[in-house]
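Notes for the structure review
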Amino acid sequence: MSRYQNTIDIDALLHTHKHGYALARDFYTHPAVFEEEFKQIFSRQWQYVDHISRIPKKGDYVVFNIAGEEIIVVRGDGDTVFAHFNVCRHRGSRICLEQAGSTKRLTCPYHGWSYRLDGSLAAARAMPIDFNPADHSLRSCQVKLFEGMIFINLTAEGEAVVPDFDAIADNLRPWIARADLGRTKVIDHKIYPSRVNWKIALENYFECYHCIVSHPELCAVQLHTLRDAHGTPKGRATFAEHNATWQAEAESLGHKTGGEQWGWGLPDEQNFMAQAHYAERMLIHHDLEAVYDKLEGGSATAAKKLLGHYAADDKGQVDWGILPSFFLYTSCTSTVIFRITPINELLTEMSQTWLVHEDAVEGVDYNTQDITWIDEVTMEQDEEIVRNNQAGVNSRYYEPGPLAKLEANMVQLHDDYLRLMRYGRRAPNNE
Ligand code: FES
Ligand SMILES: [Fe+2]
């Protein structure tokens, strides 16, 4: 007998989840579930691609991979960015064969059809007299540029079932406007292809129950782990006390504090058209110098040049993100972006990108390795624990277990995911 059943009843699966427990094995392993997720989530929600500074000049492009699709994201004139499926309109060949590059035209290597950067067909040799190039532009998808970050939506322009990105941006802008992330540059970028289902990676990002066991360095550096990883009354009180002192100082500088989240707990139809996002600004640690003195890498002063319009470095950071793929920590001097992109049901690309002020000078204003050290250590630990998690979940004998109180965010994630999938399957536009 094969290890996996070929067909499954997705509706039954979606309706038999035990609230407050991990998901059943098929959610994390079955290609049919992944295909349904493509339809209800990946193909209609906004996905983070990259930072604009990675395609600084006209004709620069990156190829974005998601769920078996390739999208060419290419810079046009000025701030214009186009996104086209990497599928030739002649007989379907890949057009860009490299993951990044620079070009005047997008020329197919098979028979030489050549497209302008906006996707329109510029040249196709020896076609019949009635061939109309205007009918054979590349299939494009929607693009939004938000504070230097490029997001795409696989839905073609004008198709309605897309969450409103401008509303998301309006909610988040007050939290990050001071950082002016459009005027930053990438100082390092790392990709971690991981043999896990995307939800295992996302769940791990959303709970800090594992942090005490797996991330000693992170727990030393990030004071919020007293609240989110230890979660004891004493831990929560200590964090609250230091954070309150910091809050008064941050507010005296005109910097944001507190937090907001949007897109959770809405009625089904609105939930389907929303995309959850959040922002919280808090203290990193009240005594970072002393912490880093005891650690093997990193530095409390790894970056010195203030981002954007911060009045001073108040030791605060914005923890913000747009589900399901884009998560950041933005301090007053640097930011790190985590991207979680599904490739197939058992493969996920996780990546980290670090940004500093576009005018900052390495060795003077920042030291790359000192900035990236804590995130790399943490990511390597996470990559290993999620891989082990997936391996166990693949077992025929895996049974979903109960979640801890410190995993409450996971329950929220599951509720949102299940509602979205269920609604999508019965929505009028579902085929
Ligand atoms: S498949 Fe691209 S030119 Fe023929
Ligand atoms: Fe982790």
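The rules we used
- Residues numbered from 1 in each chain as written.
- Chains lettered and ligands numbered in written order.
- Predicted model: local features only at pLDDT ≥ 70, side-chain atom pairs only at ≥ 80, totals over all residues.
- Domains from an automatic or database assignment.
- Contact = placed C-beta atoms within 7 Å.
- Helix = DSSP H or I, 4+ residues; strand = E, 2+ residues; numbered from the N terminus.
- Nonpolar A, V, L, I, M, F, W, Y, C, P; charged D, E, K, R; others polar.
- Core = buried A, V, L, I, M, F, W, Y, C linked by C-beta atoms within 7 Å.
- Buried ≥ 20, exposed ≤ 12 C-beta atoms within 10 Å, placed from the backbone.
- Pairing = 2+ DSSP bridges.
- Axes fitted to C-alpha atoms, helices over the stretch in contact; angles between N-to-C directions.

Where interface size is given, it is often the accessible area lost as the parts come together that is meant. For the chain, the domain assignment lists domain 1 (47-153) and domain 2 (165-419). On a C-alpha basis, the centroid separation for the pair domain 1 and domain 2 is 31 Å. Contacts between domain 1 and domain 2 engage 16 residues on the former and 18 residues on the latter. Looking at the side of domain 1 that touches domain 2, the elements that each hand over two or more residues are strand S1 (47-51), strand S2 (60-66), strand S9 (142-146) and strand S10 (149-153). Among the elements that make up the side of domain 1 that touches domain 2, the one with the highest residue count is S1 (three residues). Split into classes, the residues belonging to the side of domain 1 that touches domain 2 amount to seven nonpolar, six polar and three charged.

Turning to the nonpolar core, a few remarks are in order. Residues Ile-72, Val-73, Ile-150, Phe-151, Ile-152, Ala-201 and Trp-320 are the most contacted members of the largest nonpolar core, which totals 88 residues. Here this core gathers at least three residues from each of two domains, domain 1 (47-153) and domain 2 (165-419). Membership of the second largest hydrophobic core comes to seven residues, among which are Leu-226, Phe-239, Ala-250 and Leu-283.

Attention shifts here to the sheet that holds S10. Taken in spatial order, the three strands make up an open sheet running S1-S10-S9, and their pairing is antiparallel. Single-partner strands in this sheet number two, and they are S1 and S9. The average undirected angle you get between the axes of adjacent strands in this sheet is 30 degrees. Pairing geometry for S1 and S10, over four bridges, is antiparallel. Note on S10: the bridge partner recorded for Asp-50 is Ile-150.

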